[in-house]
Amino acid sequence: MTATVAVSARTRSTSRIRVRRRVLVFAATGLVALFVLLTVDLTTGEMPLPAGTALRALVGLGDSGDVLVVQQFRAPRAVAAIVAGAGLGAAGCVLQRLFRNPLASPDVMGVTGGASLGAVALIAAGASQALIPVGALGGGLLSALLLGVFAWRSGLAVTRLVLTGLAVQAGLAAAVNLMIVRFPAELAGSALQWTTGSVYGRTWTEVWGAGGAMVFALAVALVLHRRLALLDLGDESAGALGLRTSAARLQLLFVAVALASLAAALAGPVTFVALAVPHVVRFVTGPPTAASLGLAGLTGAVLLLASDLVVQHLLPIEGLPVGAVTATLGAPWLLVLMFRQSSPVHRSHA
């Protein structure tokens with residue numbers, strides 16, 4: 001008996017070491033990839049720059065023309081993609097664990113619809129371009145409020161939340177389409193491009209504002225991770241351990257919506273990133289832990305920055321928003337996920 005316990009303890013210890021090693025390797029690979037992509041983004045364009053020159057210009061050194069190009073045009077766009085991608089990745093990670101559903105994402109829960117509605121409403125009102133991200137953030141939080149109100153009577157049950165989110169998303173998307181159809185031609189094009197998702201034309205003011213709020217929201221998500229881990233056990237087990245499941249689910253839902261809304265405020269309603277990233281992290285590192293949130297944020301940043309590089313330099317269509325690339329990737333990914341969920345083998349192991 002003692003020998004069996006000792007073998008079991010050694011097995012668990014070996015497993016934990018392997019998980020930590022995979023996490024460290026994955027994190028190091030992601031950071032290197034992010035640095036390489038950022039360097040490529042800063043050095044390529046109509047005025048190519050050597051890597052050393054671009055990195056010096058990023059900190060204000062070198063020729064004034066190089067500094068202007070890097071600091072005012074290329075760097076804000078790249079950092080916006082990094083910040084937005086990190087928020088989407090972390091939001092998707094929280095939502096999929098919260099609902100125990102691999103298809104859960106801000107698109108499904110109505111966040112992108114709310115963000116689009118807020119931004120388009122300000123465009124219709126003729127508001128300043130700088131206020132449009134604020135409208136997106138407000139719209140995303142409004143969708144969360146609607147979701148919570150409509151689902152509260154069910155005790156925030158998982159199935160009811162998902163169905164309610166789909167209904168909220170459909171209603172908000174219909175309202176956005178109606179507004180765009182009724183726009184004057186000069187406003188309709190701007191609104192349609194924003195609702196596809198783009199980091200073009202971002203400024204440092206927008207980036208620092210959204211980035212600071214994103215860091216705070218990620219910190220809150222990490223603080224609440226223990227509650228998320230208890231909810232992973234199921235509502236009955238979590239309640240038996242003293243967790244108020246409805247309140248905890250509402251808190252985590254609000255944090256996830258805040259992350260996704262901040263990302264939408266910066267880049268528009270970019271699809272696919274929040275859906276795919278948690279699956280990539282689980283495939284590489286195994287069962288979710290507190291580190292999964294950070295890894296999901298890092299993976300989302302890499303994915304969105306890479307997609308924006310594809311838009312800028314590899315596609316022949318000028319001015320294509322990054323959301324068009326992520327949506328193109330997301331359609332087959334969603335079909336594969338739905339097929340796996342409906343397959344008999346998957347259901348037998350669920």
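Residues numbered from 1 in each chain as written. Predicted model: local features only at pLDDT ≥ 70, side-chain atom pairs only at ≥ 80, totals over all residues. Heavy atoms only, no water.

Peer 1: Can you break down the packing of helix α12 (residues 273-285) against helix α13 (residues 290-314) residue by residue, with the values?
Peer 2: The contact between α12 and α13 brings their axes to 9 Å, and the two run at 125°. In terms of axis orientation, α12 runs oblique to α13. Read as a crossing pair, α12 and α13 show a hand that is right-handed. Side by side, α12 and α13 meet where Val273, Val277, Val280, Val281 and Thr285 of the first sit next to Ser292, Leu295, Ala296, Thr299, Gly300, Leu303 and Leu304 of the second. Classifying every residue of the contact of α12 with α13 gives 8 nonpolar, 4 polar and no charged. (Axes fitted to C-alpha atoms, helices over the stretch in contact; angles between N-to-C directions. Helix = DSSP H or I, 4+ residues; strand = E, 2+ residues; numbered from the N terminus. Parallel < 35°, antiparallel > 145°, perpendicular 65-115°, else oblique. Left-handed = near helix turned anticlockwise from the far one by under 90°. Contact = heavy atoms within 4.5 Å. Nonpolar A, V, L, I, M, F, W, Y, C, P; charged D, E, K, R; others polar.)

Peer 1: How would you explain the pattern of salt bridges if you had to name every residue and give the values?
Peer 2: Opposite charge on two side chains makes pairing possible when the charged atoms of those side chains draw close. This structure, assessed with the given rule, holds 3 salt bridges. A salt bridge links Arg97 to Asp232; the nearest nitrogen and oxygen atoms lie 2.4 Å apart. Residue Arg97 is found in helix α3 (residues 64-99), and its partner Asp232 is found in the loop between α9 (225-231) and α10 (235-240); the two are separated by 135 residues along the sequence. Across the pair Glu206 and Arg202 runs a salt bridge whose closest N-O atoms are separated by 2.9 Å. Each member of the pair Glu206 and Arg202 is classed as buried. (Salt bridge = Lys/Arg side-chain N within 4 Å of Asp/Glu carboxyl O. Buried < 20%, exposed > 50% of the residue type's maximum accessible area, 1.4 Å probe, protein only.)

Peer 1: Give me unusual backbone geometry: which residues, what numbers.
Peer 2: One non-glycine residue, Phe272, lies in the positive phi region at around 80°. Position of Phe272 relative to the elements: it lies in the loop between α11 (245-267) and α12.

Peer 1: Give me the lowdown on the environment of Leu163, citing residues and values where you can.
Peer 2: Structurally, Leu163 is set in helix α6 (residues 158-182). You can call Leu163 exposed: its relative accessible area is 53%.

Peer 1: Any details on helix α8 (residues 204-223)? Residues and values, ideally.
Peer 2: The end-to-end C-alpha separation of α8 is 28 Å, in line with the 28 Å expected for 20 residues at 1.5 Å each. Looking only at α8, the buried set comprises Glu206, Val207, Ala210, Gly211, Met214, Ala217 and Ala221. Along α8, the residues classed as buried sweep out an arc of 135° about the axis, all on the same side. Along α8, exposed side chains directed more than 90 degrees from the buried face belong to Thr205, Trp208, Val215, Phe216 and Val223. (Expected span 1.5 Å × (residues − 1). Arc of directions from axis to C-beta.)

Peer 1: Which residues make up the packing of aromatic side chains, and what are the values?
Peer 2: This model, assessed by the stated rule, comprises 1 aromatic pair. Here the aromatic rings of Trp204 and Trp208 are separated by 5.7 Å at their centres, their planes lie at 20°, and the arrangement is stacked. Residue Trp204 and its partner Trp208 are located together in helix α8, separated by 4 residues, close to a single helical turn. Residue classification places Trp204 among the partly exposed residues on the basis of a relative accessible area of 23%. Since its relative accessible area comes to 62%, Trp208 is described here as exposed. (Phe/Tyr/Trp six-rings, centres within 6.5 Å; stacked < 30°, edge-to-face > 60°.)

Peer 1: How would you sum up the packing of α3 against α12? Please name residues and give values.
Peer 2: One way to put it is that α3 packs onto α12 with a least axis distance of 7 Å and a crossing angle of 70°. As judged from the angle between their axes, α3 and α12 are roughly perpendicular. In contact with Gly85, Leu88, Gly89, Gly92, Cys93 and Gln96 of α3, α12 contributes Val273, Ala274, Leu275, Val277, Pro278, His279 and Arg282.

Peer 1: Please set out the confidence of the model for the protein residue by residue, giving values where relevant.
Peer 2: Across the protein, the average pLDDT comes to 81, with 84% of residues at or above 70. Note that residues 345-350 has pLDDT below 50 and, in this model, 4 contacts with residues that lie over four places away or in other chains. (pLDDT = per-residue confidence, 0-100.)

Peer 1: Quick one: what's the story with the side chain of Thr43, residue by residue and with numbers?
Peer 2: Its location among the elements puts Thr43 in helix α1 (residues 2-43). In this structure the side chain of Thr43 is engaged in a polar contact, spanning 3.2 Å, whose partner is the backbone oxygen of Val40. Not counting chain neighbours up to four residues away, the residues in contact with Thr43 comprise Pro48, Leu49, Pro50, Ala51, Ala54 and Arg74. (Polar contact = N/O pair within 3.5 Å; in protein donor to acceptor, adjacent residues only side chain to side chain.)

Peer 1: Now, about the environment of Ala301: what can you tell me, with residues and values included?
Peer 2: Within the fold, Ala301 resides in helix α13. Judged by its relative accessible area of 3%, Ala301 is buried. It is 4.7 Å that separates the C-alpha atoms of Ala301 and Ala86, two residues lying 215 residues apart in sequence. In this view, Ala301 contacts Leu34, Ala81, Ile82, Gly85 and Ala86; residues no more than four positions away in its chain are not counted.

Peer 1: Outline a nonpolar patch on the surface, listing residues and values.
Peer 2: Residues Val32, Phe35, Val36, Val40, Leu55, Leu58, Val59 and Leu61 make up a contiguous nonpolar surface patch of about 680 Å² in total accessible area. Among the elements of the structure, α1 and α2 (51-58) are those that each provide at least two residues to the nonpolar patch. Here the element with the most residues in the nonpolar patch is α1; it accounts for 4 residues. (Patch = residues over 30% accessible without salt bridge, like charges linked within 9 Å, V, L, I, M, F, W, Y side chains within 5 Å. Areas by Shrake-Rupley, 256 points an atom, 1.4 Å probe, with all protein chains shown as cover.)

Peer 1: Can you explain α12? Please cite residues and give values.
Peer 2: The terminal C-alpha atoms of α12 lie 18 Å apart, and with 13 residues this matches the ideal 18 Å at 1.5 Å per residue to within 8%. Within the sequence span of α12, burial applies to Val273, Ala274, Leu275, Ala276, Val277, Pro278, His279, Val281 and Thr285. Directly beyond the C-terminal end of α12, a positive phi value near 90° is found at Gly286.

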